[in-house]
Protein chains: 2
Amino acid sequence: MSSEDITRVAVSTVILSLKREPGDEHASVVMPLVRRVRDPFEGRWALPGGWLDVHEGLDAAASRTLAETTGLSPSYLEQLYAFGAVDRSPTRVVSIVYWALVRADEVEQAHPQENVAWFDTADLPPLAFDHDEIVGYALWRLRSKVGYSRIAHGLLPGEFTLAELREVYEAIFGRRLDPANFRRQVENSGNLIPTDRFRTGSHRPARLYRYNREVELADRGPLTHGLAPAPLPSESSRS
Amino acid sequence: MSSEDITRVAVSTVILSLKREPGDEHASVVMPLVRRVRDPFEGRWALPGGWLDVHEGLDAAASRTLAETTGLSPSYLEQLYAFGAVDRSPTRVVSIVYWALVRADEVEQAHPQENVAWFDTADLPPLAFDHDEIVGYALWRLRSKVGYSRIAHGLLPGEFTLAELREVYEAIFGRRLDPANFRRQVENSGNLIPTDRFRTGSHRPARLYRYNREVELADRGPLTHGLAPAPLPSESSRS
DNA sequence: ACAAAAGTGTTCTTTCTACACCCATGA
DNA sequence: TCATGGGTGTAGAAAGAACACTTTTGT
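What comes next concerns the included structure.

Thresholds, definitions, all that
Residues numbered from 1 in each chain as written. Chains lettered and ligands numbered in written order. Predicted model: local features only at pLDDT ≥ 70, side-chain atom pairs only at ≥ 80, totals over all residues. Heavy atoms only, no water. Axes fitted to C-alpha atoms, helices over the stretch in contact; angles between N-to-C directions. Helix = DSSP H or I, 4+ residues; strand = E, 2+ residues; numbered from the N terminus. Parallel < 35°, antiparallel > 145°, perpendicular 65-115°, else oblique. Contact = heavy atoms within 4.5 Å. Nonpolar A, V, L, I, M, F, W, Y, C, P; charged D, E, K, R; others polar. Left-handed = near helix turned anticlockwise from the far one by under 90°. Near = heavy atom within 4 Å. Polar contact = N/O pair within 3.5 Å; in protein donor to acceptor, adjacent residues only side chain to side chain. Buried < 20%, exposed > 50% of the residue type's maximum accessible area, 1.4 Å probe, protein only. Pairing = 2+ DSSP bridges. Salt bridge = Lys/Arg side-chain N within 4 Å of Asp/Glu carboxyl O.

1. Considerations on the packing of helix H4 (residues 162-173) of chain A against helix H5 (residues 179-188) of chain A
Residue and element names in this part refer to chain A.
Here's step 1: In contact at an axis separation of 11 Å, H4 and H5 are set at 100 degrees when each is read in the N-to-C sense. Between H4 and H5, the crossing angle belongs to the class labelled roughly perpendicular. In this structure, H4 uses Leu162, Leu165, Arg166 and Tyr169 to contact H5, whose residues at the interface are Pro179, Phe182, Arg183, Val186 and Glu187.
Here's step 2: Residue composition of the contact of H4 with H5, by class: 6 nonpolar, no polar and 3 charged.

2. Some details on the packing of helix H3 (residues 131-148) of chain B against helix H4 (residues 162-173) of chain B
All names here are of chain B.
Here's step 1: It is at 9 Å that the axes of H3 and H4 come closest, and there the two elements cross at 140 degrees. The angle between H3 and H4 places the two elements in the oblique class. Remark: the crossing between H3 and H4 carries left-handed chirality. Residue-level inspection shows Leu142, Arg143, Val146 and Gly147 of H3 in contact with H4, the latter providing Tyr169, Ile172 and Phe173.
Here's step 2: When its residues are assigned to classes, the contact of H3 with H4 shows 5 nonpolar, 1 polar and 1 charged.

3. Concerning the protein's contact with DNA strand D
Here's step 1: If you check the shell around DNA strand D, you find 20 residues, and the closest are Arg183(A), Arg184(A), Asn181(B), Ser202(B) and Arg204(B).
Here's step 2: When atoms of DNA strand D within 4 Å of the protein are split into backbone and base, the sugar-phosphate part holds 61%.
Here's step 3: Between a base nitrogen of DNA strand D and a side-chain N or O atom of Arg204(A), the distance comes to 3.1 Å.
Here's step 4: Mapped onto the surface near DNA strand D, the elements with two or more residues apiece are H4, H5 and strand E10 (206-211) of chain A together with helix H5 (179-188) of chain B.
Here's step 5: For the surface near DNA strand D, the leading source of residues is H5(B), giving 4 residues.
Here's step 6: Tallied by class, residues from the surface near DNA strand D come to 6 nonpolar, 6 polar and 8 charged.

4. Looking at the protein's contact with DNA strand C
Here's step 1: Close to DNA strand C lie 20 residues, the nearest being Asn181(A), Ser202(A), Pro205(A), Arg183(B) and Arg184(B).
Here's step 2: A breakdown of the atoms of DNA strand C within 4 Å of the protein gives sugar and phosphate a share of 60%.
Here's step 3: Arg183(B) is positioned with one of its side-chain polar atoms (N or O) 2.7 Å from a phosphate oxygen of DNA strand C.
Here's step 4: Contact between DNA strand C and Arg204(B): a base nitrogen at 3.1 Å from a side-chain N or O atom of the residue.
Here's step 5: Looking at the surface near DNA strand C, the elements with two or more residues in it are H5 of chain A together with H5 and strand E10 (206-211) of chain B.
Here's step 6: The element best represented in the surface near DNA strand C is H5(A), accounting for 4 residues.
Here's step 7: Along the lines of polarity and charge, the residues of the surface near DNA strand C split into 6 nonpolar, 7 polar and 7 charged.

5. Here we look at the side chain of Ser17(A)
Residues and elements named next belong to chain A.
Here's step 1: Considering the arrangement of structural elements, one finds Ser17 in strand E1 (residues 8-19).
Here's step 2: Note on Ser17: relative accessible area 1%, which makes it buried.
Here's step 3: Engagement of the side chain of Ser17 in a polar contact is seen with the backbone oxygen of Val102, the distance being 3.0 Å.
Here's step 4: For Ser17, the contacting residues outside a window of four places in its chain are Ser28, Val29, Val30, Val102, Arg103, Ala104, Val107, Trp118 and Leu155.

6. Describing the sheet that holds strand E9 (residues 192-199) of chain B
All names here are of chain B.
Here's step 1: A sheet is described by the order of its strands in space; here 3 strands give the open sequence E8-E10-E9, paired in antiparallel fashion. Of all the strands in the sheet, the pair left with one neighbour each is strand E8 (159-161) and E9. Recorded for the sheet is a direction-independent mean angle of 40 degrees between the axes of neighbouring strands.
Here's step 2: Bridge count for E8 against E10 is 3 bridges, and the pairing is antiparallel.

7. Side note on the pattern of salt bridges
Here's step 1: Under the definition given, this model contains 26 salt bridges over all chains.
Here's step 2: Arg103(A) is the salt-bridge partner of Asp105(A), the closest N and O atoms lying 3.9 Å from each other.
Here's step 3: Judged by relative accessible area, which is 26%, Asp105(A) ranks as partly exposed.
Here's step 4: Residue Arg199(B) pairs with Glu164(B) through a salt bridge whose shortest N-O separation is 2.9 Å. With Arg199(B) in strand E9 and Glu164(B) in helix H4, this pair connects stretches of sequence that are 35 residues apart.
Here's step 5: Look at Glu164(B) and you get partly exposed, because its relative accessible area is 23%.
Here's step 6: Beyond isolated ion pairs, a larger network of salt bridges with shared partners links Glu56(A), Arg64(A) and Glu68(A).

So, in structure tokens, the structure goes:
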């Protein structure tokens, strides 16, 4: 059996976060990429990922590559798509691709890794393999899913103001939203719980909200294995 | 390298169609299953599928297994999910699962295959592997997607009445819909083109409509490779 | 003529949207 | 006190649900 006669399985992850530039109009969606040091597409940027271990589930592999690349645990992790065109790589590779959200404040605290850099998704370099297409699909999925789901909270810390949450939506949608209407929509959705704490510093203090964990249902369907929109249990801590 | 040290890739397909029993209240969603003749779960019913050939794309493999099982070409075919838990099979198998819709009239004309039987999805036997979970997910996806997409047409022939289309929605949702409101909704969606032909036979003749192929966009996102909601090109005819 | 399905109209409710307006704090 | 973002009110538009009503066929 020559090496061209086997199909290998890889797992990659599109990791998304938010970054607000000081003078910018609104925040931008950013993602980490890994510079390839081996032959196919050497020197090009690619999605973080690796080969699937025989004793490792798909979700666990995604969490592992995410931890190896960013040192973070995702606040949201979901399978995106399986890419398996015959000519997408010199050898036959089927890539199970996940996408994940990490909080902006956690990204700032993490220490940078070797050969890893964060890019604005609106200004990406040409990527290795078919990773351009994959990233495009992930961003499309983020935009469409943020409309009917509450994954936007995955980009924020535990407590946040409505203005911060609105800023996330505006960054993803790329347009301004009416603060008054936005408030009502998200308040009536039942996903937010108001705290008695306030964010002070600028003008009138803004009430801090937190995420309602009771309402997890009716979104991802029957596939709710171990993957939770809340911080992952301990899949990446299997030493 | 022993056989336990490799991960194999399989492709399975949840094939869905509609069947209207003579005396029944409304039509039911049906799917073909294959009786296993080999060791793991021998005798149990399972999803149609097979091993991924090294020179075969994922989409092509799904089309192939669909043709082998039913002799039909799908009117809709989409990747569902990749299942890869370590313990889902005695050996390590990652299954890329697709789901497909075939038209009821085509199913009736097709000649039955060996070891293949059609089941009502509301009354399924226990399936092999984790196929129960997979089918449950596919049905959930069908129900949620029929609400904001127009895949329901994939279960009907080229021309159909609004009552027939409504019957599809009622079977999938499992509840009655107001004929008047249903008509307006689907007429205003711009997805249907009225023809000048009518279906006669019962009472007042009903106008026949057909599917508007111009409006394919804004649904499945950037992933519109060769897979089309319209009948597939010739992926399964690669002799 | 009558039953039954096709197709139209009307009303009420809910939701979205635009925008005016008041409130509370830092400077 | 004034600028600014936090927060509330409200009126019109759009969309959805319920249901009465008219039209056209087979029997």
